[in-house]
Amino acid sequence: MPGTPLGVLDLVPIASGSTAADALRASIDLARQAERFGYARYWFAEHHLNPGVAGTSPAVVLALTASATSTIRLGSGAVQLGHRTALSTVEEFGLIDALHPGRLDLGLGRSAGRPPQRTGLPPRPAPAGGYTTENGLRIPPPFSFSHLLGHPRVALQERLLNLPGAHPQDYAEQVGDVLALLRGEYRSQEGVAAHAVPGEGADVQVWILGSSGGVSAQTAGENGLRFAANYHVSPASVLEAAEGYRAAFKPSAGLDRPYLTVSADVVVAPDEAQARELATGYAPWVHGIRTAEGAMPFPTPAEARALTRSWTAADHALVADRVETRFVGSPGTVADHLERLRDATGADELLVTTITHGHADRVRSYRLLAREWARRQQRQ
């Protein structure tokens, strides 16, 4: 695709009535299809203790997908560094790069459940009801996760992901160790060298993923790395994230100017009504995440309507920012929304994530969007 490339972010969702094995097979098939449709990248997210998500290990799924594809870039969106070491991460991606050189994106993120660390630009103040940018992009009011502080399921995840007594390394320091190991320049405080084999010299493209203008955006900028801002996860702070990254950016050997991709939740169908029907399951799916129960197996439209029938105003408010910032509709409607997102954030690329109950509907959504996007890019 000329112009602004589109990529895919895949959580490996499990549909209701199906299994994790079904979800993995569907994701590998979707990656093959995305390669054929002309998408630039295919990234796998990392999530844990979610009944409806099978993407627990990006490196494992990447290895499987690399063998089933040939040209599309593959990556992590993102490896959660909070419960990993820099060495294990470099070695895992080095193993895949050894057999599939030059195709990997190593996307690095901070783990969920850790207290926020803010540096860089202050949060952009927003009206209580959110606002709309000059070009029509919806920026909702900020969502607070304070209700999950101390939640037993959040604590359980932290306990199961970390070894007893382990303390996560400072994020910026850990990213620095990843980069040093890839370059073959790692030295301990005592001056002892370490060489990751495979891993050292791997031809991987390093990205940082973040939801605000805080530590992730600043770490990406200060190291001259590519940055992915999460409109689909945290739409209220996407502009802050983009600005924070650019403000902190320093040119590096691999990148002379800021390079940004921005994610969006998308469902495309031949017409608006079909798209809205396919997207019906999104609200209860997000509700599970934001109550710490975990993403449920993605429901059918009928199952979703039954689940939400007894919802209170508080239930709807819990998911409102995510629901109102999805891009759902015909190819033309969704492409219009994506252009607004690109122009408002100054994104160099866009990253699209689509979940529907039926695999065929999901493949069709990506196919229709790719066709419409390519048509528009050729006109520019």
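Report on the accompanying structure. Not measured: the values here are computed from a predicted model. (Residues numbered from 1 in each chain as written. Predicted model: local features only at pLDDT ≥ 70, side-chain atom pairs only at ≥ 80, totals over all residues. Heavy atoms only, no water.)

Re empty space enclosed by the protein
Short version of the rule: Note on definitions: the grid is 1 Å and covers protein atoms alone; a cavity is a set of points where a 1.4 Å probe fits but cannot get out; a pocket is an open set with protein on both sides within 12 Å along at least five of seven lines; lining residues have an atom within 4 Å of a point. Grid points are joined across faces, edges and corners, and a volume is the space filled by probe spheres set on the points. Starting at the N terminus, helices and strands are each numbered in turn, a helix being any DSSP run of H or I of at least four residues and a strand any DSSP run of E of at least two. Nonpolar residues are Ala, Val, Leu, Ile, Met, Phe, Trp, Tyr, Cys and Pro. Charged residues are Asp, Glu, Lys and Arg, and all others, Gly as well, are polar.
Throughout the structure, instances matching the rule amount to one cavity of 30 Å³ or more. Put simply, the largest cavity is a space of about 70 Å³. As for the largest cavity, its lining consists of Asp265, Val266, Val267, Leu278, Ala279, Tyr282, Phe298, Arg326, Val328, Thr353, Thr354 and Ile355. No other element matches the three residues that strand β10 (residues 260-268) contributes to the lining of the largest cavity. Residue composition of the lining of the largest cavity, by class: eight nonpolar, two polar and two charged.

A word on the pattern of salt bridges
Pairs may arise between side chains of opposite charge once their charged atoms sit close together. Spelled out, the test is: Think of a salt bridge as a Lys or Arg side-chain nitrogen and an Asp or Glu carboxyl oxygen that are within 4 Å of each other. When a residue's accessible area, from a 1.4 Å probe over protein chains only, is under 20% of the maximum for its type it is buried; when over 50% it is exposed; and in between it is partly exposed.
Inspection of every chain in the model, using the stated rule, returns 19 salt bridges. The partner of Arg376 in a salt bridge is Glu339, and the shortest N-O contact between them spans 3.2 Å. One end of the pair, Arg376, is in helix α13 (residues 359-379); the other, Glu339, is in helix α12 (residues 331-345), and 37 residues separate them in sequence. On the basis of relative accessibility, which here comes to 8%, the residue Arg376 falls in the buried class. Overall, Glu339 belongs to the buried group, its relative accessible area being 17%.

Section: the packing of helix α1 (residues 20-37) against α13
Note the following rule: Angles run from 0 to 180 degrees between N-to-C directions of axes, and those axes are lines fitted to C-alpha atoms, restricted for helices to the stretch in contact. By the definition adopted for this analysis, an angle is roughly parallel if under 35 degrees, roughly antiparallel if over 145, roughly perpendicular if from 65 to 115, and oblique otherwise. Crossing handedness is read from the near helix: turned anticlockwise from the far helix by less than a right angle, it gives a left-handed crossing, and turned clockwise, a right-handed one. Two residues qualify as a contact provided that any one of their heavy atoms is within 4.5 Å of a heavy atom in the partner residue.
At their nearest, the axes of α1 and α13 sit 10 Å apart, and the two run at 20 degrees to each other. Taken together, the axes of α1 and α13 lie roughly parallel to each other. When the axes of α1 and α13 are compared, the crossing they make is right-handed. The residues of α13 that touch α1, namely those facing Ala26, Ser27, Asp29, Leu30, Gln33 and Phe37, are His359, Arg362, Val363, Tyr366, Arg367 and Ala370. Residue composition of the contact of α1 with α13, by class: six nonpolar, three polar and three charged.

Any functional reading would require information beyond the geometric quantities listed.
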